[in-house]
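# Commentary on secondary and tertiary structure
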Amino acid sequence: MFARGLKRKSSEDAEDADGGVAGLPAAPSYTLQRQSLLDMSLVKLQLCHMLVEPNLCRSVLIANTVRQIQEEMTQDGTWRVVAPQAAGRAPLDRLVSTEILCRSGREQEGEGDCPLPDPAPGQAPRRPQSSPWGLDGSREGRGGFQKSLDHIFETLENKTPGSVEELFSDVDSSYYDLDAVLTGMVGGAPTGPGLPAFAPTAAAPPSSTCRSDLGELEHTVEILVET
Amino acid sequence: MAISRGLARRTVPEAADIISTVEFNHTGELLATGDKGGRVVIFQREPESKNAPHSQGEYDVYSTFQSHEPEFDYLKSLEIEEKINKIKWLPQQNAAHSLLSTNDKTIKLWKITERDKRPEGYNLKDEEGKLKDLSTVTSLQVPVLKPMDLMVEVSPRRVFANGHTYHINSISVNSDCETYMSADDLRINLWHLAITDRSFNIVDIKPANMEDLTEVITASEFHPHHCNLFVYSSSKGSLRLCDMRAAALCDKHSKLFEEPEDPSNRSFFSEIISSVSDVKFSHSGRYMLTRDYLTVKVWDLNMEARPIETYQVHDYLRSKLCSLYENDCIFDKFECAWNGSDSVIMTGAYNNFFRMFDRNTKRDVTLEASRESSKPRAVLKPRRVCVGGKRRRDDISVDSLDFTKKILHTAWHPAENIIAIAATNNLYIFQDKVNSEMH
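Residues numbered from 1 in each chain as written. Chains lettered and ligands numbered in written order. Predicted model: local features only at pLDDT ≥ 70, side-chain atom pairs only at ≥ 80, totals over all residues. Heavy atoms only, no water.

### Some remarks on the overall build of chain B
Within chain B one finds three helices and 31 strands. Computed over its C-alpha atoms, the radius of gyration of chain B comes to 24 Å, within 12% of the 22 Å expected for a compact globule of 439 residues. Taking the principal axes of its C-alpha atoms as reference, chain B extends roughly 95 × 55 × 50 Å. Sorting the 439 residues of chain B into buried and exposed places 51% on the buried side. In the form shown here, chain B has an accessible surface area of approximately 20900 Å², with 51% of it arising from carbon and sulfur atoms. Averaging the coordinates of the 57 positive side-chain charges in chain B and doing the same for the 64 negative ones gives two points 2 Å apart. (Helix = DSSP H or I, 4+ residues; strand = E, 2+ residues; numbered from the N terminus. Rg over C-alpha atoms; globule rule 2.2 N^0.38 Å. Buried < 20%, exposed > 50% of the residue type's maximum accessible area, 1.4 Å probe, protein only. Areas by Shrake-Rupley, 256 points an atom, 1.4 Å probe, with all protein chains shown as cover. Lys, Arg positive; Asp, Glu negative; His and termini not counted. Charge placed at Lys NZ, Arg CZ, Asp CG, Glu CD.)

Here it is as structure tokens:
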């Protein structure tokens, strides 16, 4: 189930996220793993929006985890704007750590309830762009992040047809891609149209693909709303 | 995509058969299971008879019925699953048996009756029930009751609907046999068994701003003897014992049971793994049993500071929490159970393993519920998970565990050493023949 061999070993030898104590000096692997955990959690929360009736307990636990990470990153001072020069390098580093984390998940047996595709290769280049979920804009970023968290709970609270569109209006277009893929996965059986995006060889789709997926998603939302 | 999800579920036949709850009645004669498809199957224990020594008190199917159907909430555009979350038996008060079954939103009271006689020899009707031609009736006869094949009839007596905005996770019948409570993520309601259009809200932890929500209710249960006491557990690992005599709204607990966090074990997953997935009072009423992701804990009602006993269910998963978070297994809700004498506790794990802990001898055992490893009347062999180091022949390594085979629901006969284990869509019933009596 879990990957054997060099890479997994090195991730275990390095300080793993489980043993991390708040306030430790940011050894690169810890910071990256923490970032991956944050990314993973945010994806999970978004997936919650798409589920028929979100599991409130799970959403709350994930949101609390996100808050914890955010607090620690604020204390560390790592919760800041990503400098344009570093933007080129950071995604690559993040690629590695995310891959390590995702590998164990993908190699597990059983029903495909692993909601995470291999997001890194396709996602990373878009990451440095404006996103309420990402690291950009110190106050804006944080405010946008908090706003998004609040939005989640408000939506869970009163899931009216209108609010579903509201959710999408806030989120960066890069996530539409992921959403379209993930909603295909929600049924459990991987029959969704987004399956090709899972293949690691899928190139980062240009914005035109993004827009067509967006159109597809809007169509889906219309169906949901009109039901 | 909600639509295709619903369709996909129906076309996969096994999904609806996944057992979602298991419960013995108060005598242990009946065992009820609920499944994801909204069905309830009741098993009855055959009386031990000398004529058929092989059927030594085995459980056979007694009745099957559709308890809940899928519904659609048009206001929210959401589907309401028919999956049975919990079944609780009412104490038997006459010849009929009654149970409560619930899905996410609606609780139903079902009455189960037997019919083994029927009247024959009516004057006005013939054998098929058609009216007789009166001119052919020349004499009167008294109808007599004749035996017939046993028929089990199930009828819905009450439907307790519209009491919950969030998903119901527990129901518990009060020892007064007149009321019961139902708990969802944020609220607990008290119902009278005879009144369906009204319920009293006794706990409400919903914050004024949903943005401030950080904790939900995960399970709740009435005290087995004191009808005014109940406990509820939270996603932050705390237990609150409440007294209904203190106030109408029991938001203020009488006792708060919480174990201080171990700073050496702290991680981003600490809170998630501390979330209590099940809470059960002991039969004596003196203790509570809780299950969180990695442990089961016994609490003394008289000590709030920490549990009196902690047992590791699968500590080898502690270093895998990140992966288990990724694949959502970390959110699995395992149940726990006491044996009749409160001396042994049991809970499920992964790979179709389940664990038992003897509180007196401090010995524990891991057993497996699977067709391959247990033929009828064979003795279960203890299993072992090896975590590196020396590996014995039949050991399973942590990396080979099947995380899709989880035993979430288990039940223990109230008096004897008989356990019911739900492994996905299979039900296993194990009996301890050698030591049938409780110690």
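### Describing the pattern of salt bridges
One pass over the structure, following the stated rule, counts 30 salt bridges over all chains. In this structure, arginine 45 of chain B and glutamate 416 of chain B form a salt bridge, with 3.1 Å as the shortest nitrogen-oxygen distance. In this pair, arginine 45 of chain B is assigned in strand S3 (residues 39-45) and glutamate 416 of chain B in the loop between strand S29 (409-412) and strand S30 (418-423), connecting sequence segments 371 residues apart. Assessed through its relative accessible area of 25%, glutamate 416 of chain B is described here as partly exposed. Between glutamate 368 of chain B and arginine 383 of chain B there is a salt bridge, with its nearest N and O atoms 2.2 Å apart. On the criterion of sequence distance, the pair formed by glutamate 368 of chain B in strand S26 (residues 364-368) and arginine 383 of chain B in the loop between S26 and strand S27 (385-386) is long-range, its members being 15 residues apart. Each member of the pair glutamate 368 of chain B and arginine 383 of chain B is classed as buried. Here the residues in one salt-bridge network are Arg34, Glu72 and Asp76 of chain A, joined through shared partners. (Salt bridge = Lys/Arg side-chain N within 4 Å of Asp/Glu carboxyl O.)

### So, the pairing of strand S1 (residues 19-24) of chain B
Residues and elements named next belong to chain B. Within S1, five of the six residues are buried, which leaves it mostly tucked inside the rest of the structure. Two elements, S1 and strand S2 (residues 30-35), share five bridges in a ladder whose sense is antiparallel. Within the sheet, the bridge partner assigned to glutamate 23 lies in S2 and is alanine 32. What sits between the antiparallel neighbours S1 and S2 is a turn of five residues, in which glycine 28 has the positive phi angle 85 degrees. (Pairing = 2+ DSSP bridges.)

### Here's the deal with the nonpolar core
Ranked by size, the top nonpolar core spans 55 residues in total, and within it Leu37 of chain A together with Tyr293, Val296, Leu324, Tyr325, Ile330 and Ile345 of chain B carry the most contacts. For this core, the element with the highest residue contribution is helix H3 (residues 56-76) of chain A, accounting for nine residues. If we skip the residues at most four places from it in the chain, leucine 37 of chain A touches Ile69 of chain A together with Phe268, Phe269, Cys322 and Tyr325 of chain B. (Core = buried A, V, L, I, M, F, W, Y, C linked by side-chain atoms within 4.5 Å. Contact = heavy atoms within 4.5 Å.)

### Some details on the packing of aromatic side chains
Residues and elements named next belong to chain B. Across all of its chains, the model carries 17 aromatic pairs over all chains by this definition. Summarising the aromatic geometry, the rings of phenylalanine 160 and tryptophan 191 are spaced 5.3 Å apart at their centres and angled 70 degrees between planes, so their arrangement reads as edge-to-face. You can see phenylalanine 160 sitting in strand S10 (residues 144-160) and its partner tryptophan 191 sitting in strand S13 (residues 187-192), a full 31 residues away along the chain. With relative accessibility at 0%, the residue phenylalanine 160 sits in the buried group. Consider the rings of tyrosine 311 and phenylalanine 357, whose centres lie 5.1 Å apart with planes at 35 degrees: the pair is tilted. Here phenylalanine 357 lies in strand S25 (residues 353-358) and tyrosine 311 lies in strand S22 (residues 309-312), a separation of 46 residues in the sequence. Every member of this aromatic cluster is reached through a ring pair, and the members are Tyr293, Phe334, Tyr350 and Phe403. (Phe/Tyr/Trp six-rings, centres within 6.5 Å; stacked < 30°, edge-to-face > 60°.)

### A short note on the sheet that holds strand S12 (residues 179-184) of chain B
Residues and elements named next belong to chain B. Spatially, four strands are ordered S11-S12-S13-S14 in an open sheet, and the strand pairing comes out antiparallel. Both outer strands of the open sheet, strand S11 (168-173) and strand S14 (200-204), are each paired with one neighbouring strand and no more. Across the sheet, the mean angle from the axis of one strand to that of its neighbour is 20 degrees, orientation sign disregarded. Relative to S13, S12 runs antiparallel, the two sharing five bridges. When the sheet's bridge partners are listed, alanine 183 is paired in S13 with isoleucine 188. (Axes fitted to C-alpha atoms, helices over the stretch in contact; angles between N-to-C directions.)

### Side note on the confidence of the model for chain A
Residues and elements named next belong to chain A. Chain-level pLDDT for chain A is 52 on average; 20% of the residues reach the 70-or-more range. Taken element by element, the predicted model of chain A shows its lowest mean pLDDT in helix H8 (residues 174-186) (36) and its highest in H3 (93). Ignoring residues within four places in sequence, the model shows residues 1-21, a span with pLDDT below 50, making 47 contacts including any to other chains. For the stretch residues 159-210, pLDDT sits under 50, and the model shows 85 contacts to residues farther than four places along the chain or on other chains. (pLDDT = per-residue confidence, 0-100.)

### Focus on unusual backbone geometry
Residue and element names in this part refer to chain B. Phi at serine 77 takes a positive value of approximately 55 degrees, unusual for a residue other than glycine. The topology assignment puts serine 77 in the loop between strand S5 (71-73) and strand S6 (78-80). Using a relative accessible area of 13% as the deciding quantity, one classes serine 77 as buried. The backbone of asparagine 352 shows a phi angle near 60 degrees, a positive value even though the residue is not glycine. For asparagine 352, the position within the fold is in the loop between strand S24 (344-348) and S25.

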